[in-house]
Every structure is written in structure tokens, then in C-alpha cells.
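The primary structure of each chain is shown beneath.
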Amino acid sequence: EHCLNAELVTGVWVSSDDQRILEVAKSYGAECIKRPESISGDHASSESGWLHAVEYLAKNNIGTDVFLAPQVTSPLRKPEDLDGAIDKFFSENLDSLFSASMINDLYFWDQDSNGVISSINYNYKNRKRRQDFQKQIIENGSFYLFKPEVLRKENNRLGGKISYFEMDFWKMFEIDHIDDIRMCSALMKEFLL
């Protein structure tokens, strides 16, 4: 629905090995690509599915200058986010772009195999005030834009001239665990519905 309602998206394709998913996608107006089982399932990379889609479209003479790849686990976005990102992609002559959210005050720590913890993105011995902490860009996973040749060459969604499209902080949450559904549902009710 986000892609179908975005003004700058010119074609919507859904790739899956599951016929039920493809039928739902088709009922909403999307075109479908049957994905092989060998690149489906919990351990298949997104890049393998996207590369299959790129090759499928090329084989069927369907030209694509840029791929927009929204993640279905990130439902907190609007069509305007996609349009804004596409506009930025072309106006800045980018090769790839990721959606991002900004934060000022997350202090990250890591723990090594011996259980010793250490600060990663700041020096805990010289702690700054939260107001003075540098803004951080978080790749939020909502969507990616990339040229097909970047994917082919790098086997990665990001390459060449890379930038990001800033989204509201509340749009960074995604559904990776069952508890995430309740949180995203509450955010959708507050901000989207």
C-alpha cells in the first residue's frame, strides 16, 4: 500500500515463494515474482531475493533504473517517505540510499567473550552532557534505494555514492519478535491511523 500510494513509484513487484502471499499482493494491485525456494526462508539474504528480482525484470525486458526495497517488517512509514527518498536519490545523483532516524543520546556498550564491557561510541571517563552529544544516524531498515548495477557489482544493497533519508524517530521500530507487533500497533494507532 505504501508503494502503490507513492507518487514517484512507477511499478510495484512482490517477490515470494509463497503463493498465498503472491495472491494477496496481486489482489492489492502489485505484480508478482515467484521466488525459488533456494533463496527463500529465514536464512536467505534480502540481497539474494532482490538480485533474483533484478534479473527476472531484466529477462522480461522491464526496465528499472532504481530499485526501492521496502522491508515488510517495518510498517511505520508513509508514501511521502518513499517519495521524499526517491526525490533525494535523483536530486543528489546517488547510487544507493537507506532510510534512517536520528538520535542524540544513545550510549552504546559492548561485552567481549570474557564478560568485560566497554563503551563504544563515547568515552565513559569523559562523559558529555546529553545535549552536547553528536547526532547519530541510525539505519532504521524501513527501506532502501539502489541502482541494479550496485546490487550486481557489490552483491550488497549499498555501494557507490551512499546517502540516507531521514525519517521521524517513531518510524524506526520494526517487527522482528512477537512483542514488537503490540508496540508497532500502538505507534500506528497514534501516528498513522
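Above this text sits the structure in question.
Residue positions are counted from 1 within each chain, in the order its sequence is given. Per-residue local features are limited, in this predicted model, to residues with pLDDT of at least 70; the limit for side-chain atom pairs, both in listing and counting, is 80 or more; totals at the level of whole chains, interfaces and linings are taken over all residues. Water and hydrogen atoms were dropped before computing side-chain values, which therefore reflect all heavy atoms in the structure.

Trainee: When you look at the side chain of Gln136 in this model, what are you seeing that I'm missing?
Mentor: A helix here means a DSSP run of H or I that spans at least four residues, while a strand means a run of E at least two residues long, and both kinds are numbered starting from the N terminus. Inspection of the secondary structure puts Gln136 in strand β7 (residues 136-146). The cut-offs for exposure are 20% and 50% of the maximum accessible area for each residue type, with area from a 1.4 Å probe on protein chains only; residues under the lower value are buried, those over the upper are exposed, and the others partly exposed. In this structure Gln136 comes out as buried when scored by relative accessible area, which is 16%. Separated by 2.9 Å, the side chains of Gln136 and Asn121 make a polar contact. The definition of a polar contact used here is a pair of N or O atoms within 3.5 Å, where within protein one atom must be able to donate a hydrogen and the other to accept one, and adjacent residues in sequence count solely through side-chain atom pairs.

Trainee: Explanation requested: the environment of Phe67 in the structure shown.
Mentor: Assignment of secondary structure puts Phe67 in strand β3 (residues 67-70). Overall, Phe67 belongs to the buried group, its relative accessible area being 10%. Here the alpha-carbon distance between Phe67 and Asn156, two residues 89 residues apart in the chain, equals 13 Å. Only heavy atoms matter for contacts: two residues are in contact if any of them lie within 4.5 Å across the pair. Setting aside residues up to four positions removed in sequence, Phe67 forms contacts with Trp50, Ala53, Val54, Leu57, Tyr144, Leu145, Phe146 and Pro148.

Trainee: Even after reading the chapter, I still don't get the sheet that holds strand β4 (residues 96-103), so can you show me in this structure?
Mentor: Strand pairing in a sheet is mediated by backbone hydrogen bonds. Such pairs are either parallel or antiparallel. For two strands to be treated as a pair, DSSP must find at least two bridges joining them. Taking strand neighbours across the sheet as the criterion, the four strands line up as β3-β7-β4-β8 in an open arrangement whose pairing is mixed. The open sheet has two free edges, formed respectively by β3 and β8 (162-167), since each of these has just one partner strand. On average, adjacent strands in this sheet sit at an angle of 45 degrees to one another, irrespective of strand direction. The convention used is that axes are lines fitted to C-alpha atoms, helices contributing only their stretch in contact, and that angles between N-to-C directions extend from 0 to 180 degrees. On top of the sheet, helix α3 (residues 46-59) reaches β3 and β7; it is set at about 145 degrees to β3, its chief contact. Across the sheet, helix α4 (residues 79-91) is in contact with β3, β4, β7 and β8; its angle to β7 comes to roughly 85 degrees.

Trainee: Looking at this model, I keep getting lost on the pairing of β7. Mind explaining?
Mentor: Most of β7 sits out of view: nine of its eleven residues are buried. The pairing of β3 with β7 spans four bridges and is classified as antiparallel. Note on β7: the bridge partner recorded for Leu68 is Leu145.

Trainee: Honestly, α3 in this entry has me stumped. Any pointers?
Mentor: Note that an α-helix has 3.6 residues per turn; residues three or four places apart therefore point the same way. Taking 1.5 Å as the rise per residue, α3 with 14 residues should run 20 Å; its terminal C-alpha atoms sit 20 Å apart, in good agreement. Taken together, the buried positions of α3 are occupied by Glu47, Gly49, Trp50, Ala53, Val54 and Leu57. Down the axis of α3, the smallest arc covering the buried residues is 160 degrees, so these residues share one side. Tucked into the core, α3 has its buried residues touching β1 (13-16), β2 (31-34), β3, β7 and α5 (148-154). Just past α3, the residue Asn61 takes up positive phi, approximately 55 degrees. For a helix, the expected span equals 1.5 Å multiplied by the residue count minus one. As used here, the arc is the angular range of directions from the helix axis to the C-beta atoms.

By themselves, these observations are geometric and do not establish any function.
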